[in-house]
Amino acid sequence: MEKCTVYTEKCPEIHYRKIGDGAPLMLLHGFPEDGDLWRLIWDALAEEFMVLVPDLPGSGSSQFIGERVTIDELAGAMWAILDAEEQKRVVVAGHSMGGYVALAMAEQRPEEIAGLSLVHATTAADSDARKQLRQRAINHISRGERDSFLKDMIPNLFSPVFREQEPMLVSQQLERGLKLPSETLIAFYEAIMGRPDRTDVIKTDQFPIQFICGKDDTIAPFDTLVNLADLPAFSFVSVYDEVGHMSMLERPDSLAADIASFAATCWKAVINYKYE
Ligand code: MLT
């Protein structure tokens, strides 16, 4: 694994991991995580692809770029990585908030997307009710109650079965979440609240879309995602039983295989691309 950094005016230091050779596959983490979220699947994917795993600005080793950051700016930072790598096209897999960033990337430069994998991520904007919940969370965090917010939130990202069978993995994930500074958590929630509906982005025949769904996901319910799968010209859907919002930890082998087969299909479809 190579540890890399790009420097841009807006995002002074963005760190990412680069693993393997081949066609680029970018993995974007969600909230409240960093790029290590993908640690159980990146080696398997790197057997076929050049896997790029950033820490979104403000998480992991990447520098915080201010409390007014938007999902579009996070997407711009991801293009800065691909530009630095001199890649003209990419398959992007985004988990939840990472999916919102991936959708913004696809809106910004659709011709440079070879495929878009939405891993437990919807295309809709936040409802008013969801915004109110997030504002309550922001208020808690601002009052210094970050730890109790994360202790309530993180276990609920997993299916009940996984929580019972793998309590160590759930508490490790909580430990990782607790490393994120309050300012980042607040900035990410505000960015998520401010994002527009991007359902139109997936009404396309320009690149295939993959939907990864957990039957027990309460954040991105599987029936909502399955309904979205009617919209693109080319859709790939995986539904995992007894999985919540975190298939990269709950069902890593299935997720790695499904993303690999999707990305291989996307790259084979790219005209003139010499896929090996
Ligand atoms: C995530 O996993 O990134 C968040 O749960 C996204 C969200 O709350 O919308």
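Above this text you will find the structure in question.
Residues numbered from 1 in each chain as written. Predicted model: local features only at pLDDT ≥ 70, side-chain atom pairs only at ≥ 80, totals over all residues. Heavy atoms only, no water.

Examining the site of the ligand
Neighbouring residues of the ligand: Gly30, Phe31, His95, Ser96, Met97, Tyr100, Arg130, Arg134, Ile219 and His245. Serine 96 has a polar side-chain atom sitting 3.0 Å from an oxygen atom of the ligand. Separating an oxygen atom of the ligand from a backbone N or O atom of methionine 97 is a distance of 2.8 Å. In the complex, the protein chains occlude 99% of the 270 Å² of accessible area that the ligand would expose alone. Taken together, the elements giving at least two residues each to the shell around the ligand come down to helix H3 (97–108) and helix H4 (128–142). (Near = heavy atom within 4 Å. Polar contact = N/O pair within 3.5 Å; in protein donor to acceptor, adjacent residues only side chain to side chain. Areas by Shrake-Rupley, 256 points an atom, 1.4 Å probe, with all protein chains shown as cover. Helix = DSSP H or I, 4+ residues; strand = E, 2+ residues; numbered from the N terminus.)

A closer look at the packing of H4 against helix H8 (residues 182–193)
One way to put it is that H4 packs onto H8 with a least axis distance of 10 Å and a crossing angle of 165°. When the interaxial angle is binned, H4 and H8 end up roughly antiparallel. The hand of the H4/H8 crossing is left-handed. Together, Lys131, Arg134, Gln135, Ala137, Ile138, Ile141 and Ser142 of H4 and Ser182, Leu185, Ile186, Tyr189, Glu190, Ile192 and Met193 of H8 make up the contact between the two elements. Within the contact of H4 with H8, the residues separate by chemical class into eight nonpolar, three polar and three charged. (Axes fitted to C-alpha atoms, helices over the stretch in contact; angles between N-to-C directions. Parallel < 35°, antiparallel > 145°, perpendicular 65-115°, else oblique. Left-handed = near helix turned anticlockwise from the far one by under 90°. Contact = heavy atoms within 4.5 Å. Nonpolar A, V, L, I, M, F, W, Y, C, P; charged D, E, K, R; others polar.)

Comments concerning the packing of aromatic side chains
Under the defined criterion, the tally for this structure stands at four aromatic pairs. Taking 4.3 Å as the distance between ring centres and 10° as the angle between the ring planes, the aromatic pair formed by phenylalanine 31 and tyrosine 189 counts as stacked. Here tyrosine 189 lies in helix H8 and phenylalanine 31 lies in the loop between strand S3 (24–28) and helix H1 (42–46), a separation of 158 residues in the sequence. No difference in accessibility class separates phenylalanine 31 from tyrosine 189, as the two residues are buried. Between phenylalanine 149 and tyrosine 189 the ring centres are 6.0 Å apart and the planes differ by 70°, which places this aromatic pair in the edge-to-face class. With phenylalanine 149 in helix H5 (residues 146–153) and tyrosine 189 in helix H8, this pair connects stretches of sequence that are 40 residues apart. We note that phenylalanine 149, like tyrosine 189, is buried. Grouping aromatic residues by their ring pairs yields a cluster made of Phe31, Phe149 and Tyr189. A cation sits over an aromatic face here: arginine 134 above tyrosine 189, 4.8 Å from the ring centre. The side chain of arginine 195 reaches across the aromatic face of tyrosine 100, ending 3.8 Å from its centre. (Phe/Tyr/Trp six-rings, centres within 6.5 Å; stacked < 30°, edge-to-face > 60°. Buried < 20%, exposed > 50% of the residue type's maximum accessible area, 1.4 Å probe, protein only. Lys NZ or Arg CZ within 6 Å of the ring centre and 35° of its normal.)

Overview of the pattern of salt bridges
Summed over all chains, the structure comprises 14 salt bridges. For arginine 17, the salt bridge goes to aspartate 55, with nearest N and O atoms at 2.8 Å. Of this pair, arginine 17 sits in strand S2 (residues 14–19) while aspartate 55 sits in the loop between strand S4 (50–54) and helix H2 (71–84), placing them 38 residues apart in sequence. In this pair, the class of arginine 17 matches that of aspartate 55, namely buried. The closest approach of N and O atoms between lysine 215 and aspartate 241, which form a salt bridge, is 3.0 Å. Here the residue lysine 215 occupies a position in the loop between strand S7 (209–214) and helix H9 (222–228), and aspartate 241 occupies one in the loop between strand S8 (235–240) and helix H10 (247–250), the gap between them amounting to 26 residues. According to the relative accessible area criterion, aspartate 241 is partly exposed, its value standing at 45%. Bridged by salt links that share partners, the residues Arg17, Asp36, Asp55 and Arg176 form one connected network. (Salt bridge = Lys/Arg side-chain N within 4 Å of Asp/Glu carboxyl O.)

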